[in-house]
Amino acid sequence: MKRLGRNIYNLFHSSWEFYSYSLIHYPLTTKGLTCGILTVSGDFFTQHKQTLQKTQNNNLQERQQQQLKHSHSFSRSLKLFLYGTFLLGPSLHYWFKYLDKLFPVVKVKELQNILQNHHPRHWTRSFSKERLKWSAKRVIAEQISYAIFVTGMYFVTLTTLDYIWDHEKTSFENNIEEVTLFCEDRGLAIVVDNVVEKEKSESKTNSDAVVVIEKKEVKRKWSEMLKERFMNEFKSQHENGMKILPIANFINFLVVPPLYRGFFVNVVGFFWNAGQWAKEHFYMGLKYFDYNKENNQTENTRKMD
């Protein structure tokens, strides 16, 4: 058992040394790939959390069935990987370097030695008032500038990629969902025809009528898509980041060496998304327990009657 533990430790230690070497010699590439991989990993939990939230008003058994049928959106994962690798990761690298110049804590020569040695003991010696104020100033500067910028950059990037790749497909699928609900309520059959413009024949009296759904290419303007996304999602997205990032970065600036600050932020984001997903599942489990409890009580009451 001790041998296995030592082998695991040696594997982790050698991997960490290789990662540290890559951060020093290839900072942009390493930080970009790290950010892209952790962003996609965190989004896995976000996607499944959103599936639970969309079906939270339905019957609990229906919710479980829809959750099982839910398929992961790999196109969204690819977009977020591109965003994290080429934009978020490199921007964090340059932002932390700029903060080191804007709010310096040590002399330039000492800072260079710390960057080369990348040892935590240089940064964990004391928590004086000056150091706490220094960390707080950095957090405030980030929240009033970079945090707003990076949230906007997220929406611009994702909207652009959506516009290029699949906005037409999404509009058609939404059309199908709306018309399908209309037909199910009236007992109408559905036929899908692959043409450019949509025309449908509907009958509210004849139950054997057929509704013809023809594919329609809906080309919305990029500016309209971006405006709609900003109006509907920007505030909630920014507030969600405000719940954890100020505290995380306050700790980040205090105890984490400069070399690993970007990695620390990415790891915090990953565990935040995983925690939100676990929280949603926990509440769903409680509701399911209450649902079964009520059913059992109802059945017992019927048997007694």
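Residues numbered from 1 in each chain as written. Predicted model: local features only at pLDDT ≥ 70, side-chain atom pairs only at ≥ 80, totals over all residues. Heavy atoms only, no water.

Novice: Now, about the overall build of the protein chain: what can you tell me, with residues and values included?
Specialist: Looking only at helices and strands, one finds ten helices and two strands in the protein chain. Counting from the amino terminus, the protein chain carries its helices and strands in the arrangement α-α-α-α-α-α-α-β-β-α-α-α. Residue burial in the protein chain is summarised as follows: out of 305 residues, 35% are buried. The long-range share in the protein chain, meaning contacts at least 24 apart out of those at least 6 apart in sequence, stands at 72%. Carbon and sulfur atoms form 59% of the exposed surface of the protein chain, whose accessible area is close to 20,300 Å². (Helix = DSSP H or I, 4+ residues; strand = E, 2+ residues; numbered from the N terminus. Buried < 20%, exposed > 50% of the residue type's maximum accessible area, 1.4 Å probe, protein only. Contact = heavy atoms within 4.5 Å. Areas by Shrake-Rupley, 256 points an atom, 1.4 Å probe, with all protein chains shown as cover.)

Novice: Which residues make up the packing of helix α6 (residues 129-165) against helix α9 (residues 245-255), and what values go with them?
Specialist: One way to put it is that α6 packs onto α9 with a least axis distance of 9 Å and a crossing angle of 135 degrees. Our classification of the angle between α6 and α9 gives oblique. Of the two elements, α6 crosses α9, and the hand of that crossing is right-handed. Of the residues in α9, those in contact with Arg131, Leu132, Trp134, Ser135, Ala136, Arg138, Val139, Glu142 and Gln143 of α6 are Leu245, Pro246, Asn249, Phe250, Phe253 and Leu254. (Axes fitted to C-alpha atoms, helices over the stretch in contact; angles between N-to-C directions. Parallel < 35°, antiparallel > 145°, perpendicular 65-115°, else oblique. Left-handed = near helix turned anticlockwise from the far one by under 90°.)

Novice: I'd love a proper account of the packing of aromatic side chains, names of residues and values included.
Specialist: Considering all chains together, one arrives at 17 aromatic pairs under this definition. Here Phe44 and Phe45 contribute two aromatic rings whose centre-to-centre distance is 5.4 Å and whose plane-to-plane angle is 85 degrees, an arrangement assigned as edge-to-face. Here Phe44 falls in the partly exposed class, since its relative accessible area comes to 39%. Between the aromatic rings of Phe45 and Phe270, the centroid separation amounts to 5.8 Å while the plane-to-plane angle is 70 degrees, which identifies the pairing as edge-to-face. Within this pair, whereas Phe45 is found in helix α2 (residues 27-54), its partner Phe270 is found in helix α10 (residues 261-304), the two being separated by 225 residues in sequence. In terms of burial, Phe45 and Phe270 fall into one category: buried. By way of ring pairs, the aromatic residues Phe12, Trp16, Tyr19, Tyr260 and Phe263 are connected into one cluster. (Phe/Tyr/Trp six-rings, centres within 6.5 Å; stacked < 30°, edge-to-face > 60°.)

Novice: Which residues make up the nonpolar core, and what values do they have?
Specialist: Membership of the largest hydrophobic core comes to 18 residues, with the highest contact counts inside it found for Tyr83, Leu88 and Phe96. Secondary-structure elements contributing two or more residues to this core are α4 (74-102) and α6. In this structure Tyr83 touches Leu88, Val150, Met153, Tyr154, Thr157 and Leu158, once residues within four positions along its chain are discounted. By size, the runner-up hydrophobic cluster in this structure holds five residues, among which are Tyr19, Leu23, Val256 and Tyr260. (Core = buried A, V, L, I, M, F, W, Y, C linked by side-chain atoms within 4.5 Å.)

Novice: Can you explain a nonpolar patch on the surface? Please cite residues and give values.
Specialist: A surface patch of nonpolar side chains, about 550 Å² in accessible area, is lined by Leu78, Val156, Tyr163, Ile164, Trp165 and Trp222. The greatest single-element share of the nonpolar patch, amounting to four residues, is contributed by α6. Within the secondary structure, Ile164 sits in helix α6. (Patch = residues over 30% accessible without salt bridge, like charges linked within 9 Å, V, L, I, M, F, W, Y side chains within 5 Å. Salt bridge = Lys/Arg side-chain N within 4 Å of Asp/Glu carboxyl O.)

Novice: Tell me about the pattern of salt bridges, residues and numbers included.
Specialist: Summed over the entire model, instances satisfying the criterion amount to six salt bridges. As a salt-bridge pair, Arg138 and Asp100 come within 2.7 Å of each other at their nearest N and O atoms. Highlighted residues: Arg138 in helix α6 and Asp100 in helix α4, separated in sequence by 38 residues. For the pair shown, Arg138 and Asp100 are each scored as buried. For the salt bridge of Asp162 with Arg229, the shortest nitrogen-to-oxygen distance reads 2.7 Å. Of this pair, Asp162 sits in helix α6 while Arg229 sits in helix α8 (residues 222-242); the two residues are 67 residues apart in sequence, bridging distant segments of the chain. Considered together, Asp162 and Arg229 belong to a single accessibility category, that of buried residues. Here the residues in one salt-bridge network are Lys79, Asp162, Arg229 and Glu233, joined through shared partners.

Novice: Before we move on, could you go through helix α1 (residues 2-25) and cite the residues and values that matter?
Specialist: Counted at 1.5 Å a residue, the expected span for α1 with its 24 residues is 34 Å, and the 34 Å between its end C-alpha atoms agrees. Taken residue by residue, α1 has Tyr19, Ser20, Ser22 and Leu23 as its buried positions. (Expected span 1.5 Å × (residues − 1).)

Novice: A description of α8 should follow, citing residues and the corresponding values.
Specialist: The end-to-end C-alpha distance of α8, which contains 21 residues, comes to 28 Å, matching closely the 30 Å that a straight helix rising 1.5 Å per residue would cover. If you look at α8, its biggest bend is around 50 degrees, right at Glu233. Three or more residues of α8 are buried, namely Met225, Leu226, Arg229, His238 and Gly241. (Bend = angle between axes of the 7 residues up to and from the residue.)

The values reported here are purely geometric and, on their own, carry no functional implication.
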